[in-house]
Amino acid sequence: MIAAALTLLAAAAPPSAPAPGNSALLDALTTTQLILITDWTLKVLIALRVIMNRRPVPVTLAWLMVLLIPVPYVGVVLYAIIGEVRLGRRRLARYRRLTEGFAARATFLWRARSHHWTAETELYKHISEVASRVGEMPPLRGNTVELFSGAQTFIDALIRDIDAAASRVHLFFYIWIDHGPGLQVAEAVERAARRGVECRVMVDAVGSKWLLFSRIPERLRRAGVKFAVSLPVNPIRMLFARLDLRNHRKIAVIDGWTAYTGSQNIAWTTFRRKGLRKKGPYIDAMARVTGPAAQAIEVVFLRDWEVESDEALGDTLEQLLPERPTPEGGSVIQVVPSGPDAPPQAMIEAFITTIYSARRELIMTTPYFVPDEPSKHALIAAAMRGVEVTLVIPDEHDSAVVAAAARAHFQDLLEAGVRIKHHTSGLLHSKTLTVDASIGLIGSANFDLRSFVLNFELSLFIFDADVASQLRMLQMSYMEDSVDVFLEEWRARPYWRRALDDAARLLGPLL
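Residues numbered from 1 in each chain as written. Predicted model: local features only at pLDDT ≥ 70, side-chain atom pairs only at ≥ 80, totals over all residues. Heavy atoms only, no water.

Peer 1: Whenever I open this one, the environment of isoleucine 442 confuses me. Can you help?
Peer 2: Along the chain, the position of isoleucine 442 falls in strand E16 (residues 439-443). Sequence spacing of isoleucine 442 and threonine 432 is 10 residues, and the spatial spacing of their C-alpha atoms is 4.6 Å. Look past the residues within four positions of isoleucine 442 in its chain and what remains in contact with it is Leu147, Ala285, Met286, Ala287, Lys431, Thr432, Ser459, Leu460, Ile462 and Leu471. (Helix = DSSP H or I, 4+ residues; strand = E, 2+ residues; numbered from the N terminus. Contact = heavy atoms within 4.5 Å.)

Peer 1: Explanation requested: the packing of aromatic side chains in the structure shown.
Peer 2: Any two aromatic rings considered together are summarised by their centre-to-centre distance and by the angle between their planes. For the structure shown, the criterion picks out 12 aromatic pairs. With a centroid separation of 5.1 Å and an interplanar angle of 55°, the aromatic rings of phenylalanine 351 and phenylalanine 452 are classed as tilted. Remark: phenylalanine 452 occurs in helix H19 (residues 449-454) and phenylalanine 351 occurs in helix H15 (residues 346-356); sequence separation between them is 101 residues. On the basis of relative accessible area, phenylalanine 351 is assigned to the buried category, the value being 7%. Seen in terms of ring centroids, phenylalanine 447 and phenylalanine 452 are 5.4 Å apart; in terms of plane orientation they differ by 80°. Their pairing is edge-to-face. Phenylalanine 452 matches phenylalanine 447 in its accessibility class, with the two residues each being buried. Taken together, the ring pairs connect Phe148, Phe154, Phe173, Trp176 and Tyr260 into an aromatic cluster. When the ring centre of tryptophan 490 is taken as reference, the NZ or CZ atom of arginine 493 above it lies at 4.0 Å. (Phe/Tyr/Trp six-rings, centres within 6.5 Å; stacked < 30°, edge-to-face > 60°. Buried < 20%, exposed > 50% of the residue type's maximum accessible area, 1.4 Å probe, protein only. Lys NZ or Arg CZ within 6 Å of the ring centre and 35° of its normal.)

Peer 1: Please explain helix H6 (residues 102-112) as it appears in this structure.
Peer 2: The periodicity of an α-helix, 3.6 residues per turn, causes residues three or four positions apart to be oriented the same way. Turning to H6, its buried residues number three or more, namely Phe102, Ala103, Ala106, Thr107, Leu109 and Trp110. Along the axis of H6, the buried positions cluster into a sector of 160°, meaning they face one direction only. In H6, those exposed residues whose orientation departs by more than 90 degrees from the buried face are Ala104, Phe108 and Ala112. (Arc of directions from axis to C-beta.)

Peer 1: Looking at this structure, I do not really get the packing of helix H17 (residues 400-407) against helix H22 (residues 495-506). What am I missing?
Peer 2: The relative placement of two packed helices comes down to the angle between their axes together with the axis-to-axis distance. Contact pair H17 / H22: the axes reach a minimum separation of 7 Å and the direction vectors enclose 100°. Relative to H22, H17 is oriented roughly perpendicular. Here H17 contributes Val401, Ala404, Ala405 and Arg407 to the contact with H22, which in turn contributes Arg497, Asp501, Ala504 and Arg505. In terms of residue class, the contact of H17 with H22 is built from 4 nonpolar, no polar and 4 charged. (Axes fitted to C-alpha atoms, helices over the stretch in contact; angles between N-to-C directions. Parallel < 35°, antiparallel > 145°, perpendicular 65-115°, else oblique. Nonpolar A, V, L, I, M, F, W, Y, C, P; charged D, E, K, R; others polar.)

Peer 1: Just checking my understanding: could you explain the packing of H6 against helix H13 (residues 292-308) for this structure?
Peer 2: At a closest axis distance of 10 Å, the pairing of H6 and H13 adopts a crossing angle of 160°. When the axes of H6 and H13 are compared, the pair comes out roughly antiparallel. H6 and H13 meet at a crossing whose hand is right-handed. Contact with H6, carried on its side by Phe102, Ala103, Ala106 and Trp110, involves Pro292, Gln295, Ala296, Val299, Leu302, Arg303 and Glu306 of H13 and no other residues of that element. Its residues assigned to classes, the contact of H6 with H13 shows 8 nonpolar, 1 polar and 2 charged. (Left-handed = near helix turned anticlockwise from the far one by under 90°.)

Peer 1: Is there a simple way to think about the environment of threonine 354 in this case?
Peer 2: Relative to the helices and strands, threonine 354 is located in helix H15. Accessibility expressed as a relative area gives 0% for threonine 354, which makes it buried. Sequence spacing of threonine 354 and tyrosine 124 is 230 residues, and the spatial spacing of their C-alpha atoms is 8.9 Å. Residues in contact with threonine 354, not counting those within four places in the same chain, are Ile127, Leu433, Val435, Leu441 and Phe461. Polar contacts involving the side chain of threonine 354 include one to the main-chain carbonyl oxygen of alanine 350, which spans 2.9 Å. (Polar contact = N/O pair within 3.5 Å; in protein donor to acceptor, adjacent residues only side chain to side chain.)

So, in C-alpha cells, the structure goes:
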C-alpha cells in the first residue's frame, strides 16, 4: 500500500533537479504529497472494506463519514482501533474449542430433568424461540425471583449467601472496586475459601482496573480463591483485537442453585475513589434467582471462565449441574447471554420480537438509549397501534455524546405517542423492560448497539406475571422521580441544540 503510494509520488515528481534555493520548499511539498497520497489510498481501501462487509447501512454510512474527516490519518486510525468487531482469531478459536457444546449438554440435562418450559410456551413461544437462537438455552421453569433496588441491600444479601455457601462460589463483575463494598465482598469470599468452599472470581480488565492494581487479587489467591481476568489489555493484544470490547456482565452464583444478575457492580453508588466521582448516585436493579435458571447463569460463567483461565471444567459439567427436584409453580426464566461471539443483530432481534409482542403497555428503563432504526421503529409502531409506551432515562448523564445521540431520537418518538420521562434523582442505571405486566426483562444490556453487538451481556427474560408486576412497580418508582418530556417544548428547543444532537446522532452506530 505504502509502496504504491511511493510509486505514484515518484511518477508525479518533476524529472529535473530543483534549484538550490527551492529545495527546502520542494522537500516540504514532497512530504505533504506523500502524507496525502498515503492517507487517501488507505481511506479508499478501508471504504471498500466497509462497503463490502455488508453491515447495517447506518453503520456503513457512519464509518464513511468518519473516513472523510479532513485531518490526515484520523479516520484511518479510528477504524484500525474500533472499526471492526475483532476478538482476535486465536481467542475466538479457543472460545469455540473450549465451550462448544456447553449449552447443548446443559439443555439435554434440563430436558431430561423436566426443568424446561413446555406446554406453557404457546403465548410467548415466538419470543422464547428467538431468545433460544441468541443464547442457546431454553426457558426453564420452577424458579423464584427476588428483586433488589438498593446497592447496599444487594451487597448485604450477596455476602449472606457467600457466608452460607457450602460447595462453591462463582463471581464475575465488570466493575469491582478495591474498597468499601468491594473489600466487604472480597473478605466474604476469603472466609468461604478458608472453610473449604471452592471459589472462583473473575473481573473485567478495564472495568476493574483499580482492583487489579490493589492487593485484593493476591489476598484472594493466598486464601485459595481461583482468580482470573477477562479480556486482558496489552500492546500485543491491541494489534489483533479491539480493546473496547468488554465483558459487561454481572454474575454471582452460590452452590449452583442461587444466582444474581442485573446492572449492579461491586461498587459504591457514586463510584467514589480517591476523591474522584462520576455522576451519581447510580440507581441499579438486581435479580436473585433460585432454581434451574441459576444453573443457566452458571453455564454462562463457566464458559467465560474456561476461556480466561487454564482450568477446564467442561468434562465435569454434569457434576457442576447436579439434579435437584423441580419446584412446583414458580417463574419461567430464560437466560440469554449475548456478545460479539454471537450472530450479528441477534440480541436486537430478540428485543424487537419482545417489543412487537406488546398489546397494552411497554415500559423501558435504560441509561444508554441509542437505538438502531429497526428498534426505534418497533417502539414507534407499538405506540401507533395503541400500546402505552414509556421510556425512562436519566436526566443527567455520564456521557455527553451518548446523551445527545439519544435526544436526537426524541421528536420522532414523541410524535408517535411514546412517553419519555427524565429521571431526576440520580443516574438511572437499571436496564429493565416490562410488557403488559406479564413479561419482564432485567440484565446488564443497555438499549444501544454497544450492548447489542459489542459487549458481552446477560439478560433474563422472565415469563411470569407476578415477577413482571414487581418489576413494573420498581419502574413506577423510577417514574415518580421523573419529569415528562413534552413534544411542544421539545420542538421549541434552540436550533443550535437540535443541530448538536443531530450531529451526535450520526455517530450513534459507532457509540
